[in-house]
Amino acid sequence: MSSPYRGLLEEIEIQRNDMVRLASETSLSNHKVIEASKRLDYLLNRYHLLDVPIK
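Computed from a predicted model, the values in this text were never measured in an experiment. (Residues numbered from 1 in each chain as written. Predicted model: local features only at pLDDT ≥ 70, side-chain atom pairs only at ≥ 80, totals over all residues. Heavy atoms only, no water.)

Novice: Residue-level account of the pattern of salt bridges, with values.
Specialist: Counted according to the given criterion, the structure contains five salt bridges. D18 is the salt-bridge partner of R21, the closest N and O atoms lying 2.4 Å from each other. Here D18 and R21 lie together in helix α1 (residues 3–25), a separation of three residues that amounts to about one turn. Overall, the relative accessible area of 39% leaves R21 in the partly exposed class. Assessed through its relative accessible area of 21%, D18 is described here as partly exposed. K38 serves as the salt-bridge partner of E35, at 3.6 Å between the closest nitrogen and oxygen. Taken together, the positions of E35 and K38, both in helix α2 (residues 31–49) and three residues apart, correspond to about one turn of that helix. Using a relative accessible area of 37% as the deciding quantity, one classes E35 as partly exposed. Among the ionic contacts, a cluster of salt bridges with common partners joins D18, R21, E25 and R39. (Salt bridge = Lys/Arg side-chain N within 4 Å of Asp/Glu carboxyl O. Helix = DSSP H or I, 4+ residues; strand = E, 2+ residues; numbered from the N terminus. Buried < 20%, exposed > 50% of the residue type's maximum accessible area, 1.4 Å probe, protein only.)

Such coordinate-based values are descriptive only and should not be taken to indicate function.
As structure tokens, then:
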């Protein structure tokens, strides 16, 4: 897998971990968790547009 894909996967993993951490410290409806979820959605959509299957 080329490095742009790998870099995006790393960003996705970091964002996912951040969202989970925030949710465990607050609540799922907290605005910071919702914003983190939106950022994660954005990254996942970018990855999907690259037409690379998520493993």
